[in-house]
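# Structural features, examined
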Amino acid sequence: MTSAVAETDLLLPKIDTDAEPLSKKWVNVASHISKLTKLVANEREAKTLPQSPILMQMLRLRKIHGLVHMFESYREVVGDKKIREAKVSALGKDAHSIMKGFEMDTHMILNHAYKFLMIHQRSNFDAMFGLYAGLLRDCLDEEKANLTLACGIDFTSFSVLKSLLRTVMHMNEFEEDRMMAPIKKNSLLNLVIEISHARMKSTRAFAAAAAVMFLDVCLDAEAFSSEPDAYVSKENKTKLIELNEYVAKPLYKLEMLKKKARHVSRWAQKFGGGELELDDALLKEITENLSKTAKMKEVVEKPPTKNQLKYGKKKRANKFFEQAVQTVLERAETQQCVVLR
């Protein structure tokens, strides 16, 4: 780990988050971010920020906030068709892979960072939620998404939902309005409901679980209870009712949620959920897709070799066995209701 920290100390000064998006300097910065991502990935199992010295150093140097700013600047450029085409043309045939790598690397670092309370104690929630609201809007417009999201809708929407969930799970540690005010300002509840509803036939189970748990935490907030109409539109109240029946309840039955999404259920009833006539064919289709994707693993580790078993490397053997029998959403992170990796 000491060598990794030393490498990080060399990399961080080279990551100029103010570099002009898609310029030659920006491409160079993106390559340094890629190297940093590999180092951060090695700290994925950390339960506290002190166990993640690389992120701790990024926090000290304001690089995490800088990545949010850098991603937002990048979105502004790729969102302008004329500017994007000129920049992409200048980068040549490798443009798409460079853009995809930057998006994936940045999402991965932020996903990991947002597990930790100390990160959020120094966060600008308005900037963070503004970035994610913009990305969700892109995901809702498939034609625009194909042009502006190099990683595609599936990866982007899931990454955003992971970061949102990992953020609001810390809500009790703050004055509620510090999070709920920018959530309302950026219409995040409406956006999460819309993207989850639009993709409920095809979304992967752990992405659906992240959306449901994000909604459940927010709907439990006093700020939401005092003015629900300010957070959820009339049209999306109907969609929330359907999400509760077609997504949240099947997820719980599939043991994808640690507990029932009772706040989603309670508000669905208040919004008129008792009047919904279930479409049995649709429920079956969604449940089958959730069941199928719940069994998928993002990373499949190779089984231990005979020599590893023979010479007593039981730790890796046991790890493989546990991964083989656990559900996709493990219960390893006690502060969260789902494990999102």
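The preceding data block contains the structure.
Residues numbered from 1 in each chain as written. Predicted model: local features only at pLDDT ≥ 70, side-chain atom pairs only at ≥ 80, totals over all residues. Heavy atoms only, no water.

All right, on to the pattern of salt bridges then. Considering all chains together, one arrives at 11 salt bridges under this definition. Residue Lys185 is joined to Asp126 by a salt bridge in which the shortest nitrogen-to-oxygen separation is 2.8 Å. On the criterion of sequence distance, the pair formed by Lys185 in helix α11 (residues 176-185) and Asp126 in helix α8 (residues 125-140) is long-range, its members being 59 residues apart. Residue Lys185 is classed as exposed on the basis of its relative accessible area, which comes to 59%. Overall, the relative accessible area of 32% leaves Asp126 in the partly exposed class. Of the charged contacts in the structure, one is a salt bridge between Asp229 and Lys237, with a shortest N-O distance of 2.3 Å. (Salt bridge = Lys/Arg side-chain N within 4 Å of Asp/Glu carboxyl O. Helix = DSSP H or I, 4+ residues; strand = E, 2+ residues; numbered from the N terminus. Buried < 20%, exposed > 50% of the residue type's maximum accessible area, 1.4 Å probe, protein only.)

Now for the packing of helix α2 (residues 24-41) against helix α4 (residues 63-78). Viewed as axis vectors pointing N to C, α2 and α4 meet at an angle of 135 degrees, and their least axial separation amounts to 13 Å. By the angle between their directions, the pair α2 and α4 is classed as oblique. Relative to α4, the crossing made by α2 is left-handed. Of the residues in α4, those touching α2 at Trp26, Val29 and Ile33 are Leu67, Met70 and Tyr74. (Axes fitted to C-alpha atoms, helices over the stretch in contact; angles between N-to-C directions. Parallel < 35°, antiparallel > 145°, perpendicular 65-115°, else oblique. Left-handed = near helix turned anticlockwise from the far one by under 90°. Contact = heavy atoms within 4.5 Å.)

Here the focus is the nonpolar core. Counting residues in each nonpolar core, the largest one holds 104 residues, and the members touching the most others are Leu189 and Leu251. Beyond its immediate stretch of four places on either side in the chain, Leu251 contacts Ala205, Ala208, Ala209, Val212, Met256, Leu257 and Leu290. (Core = buried A, V, L, I, M, F, W, Y, C linked by side-chain atoms within 4.5 Å.)

These figures come from the coordinates and say nothing about function on their own.
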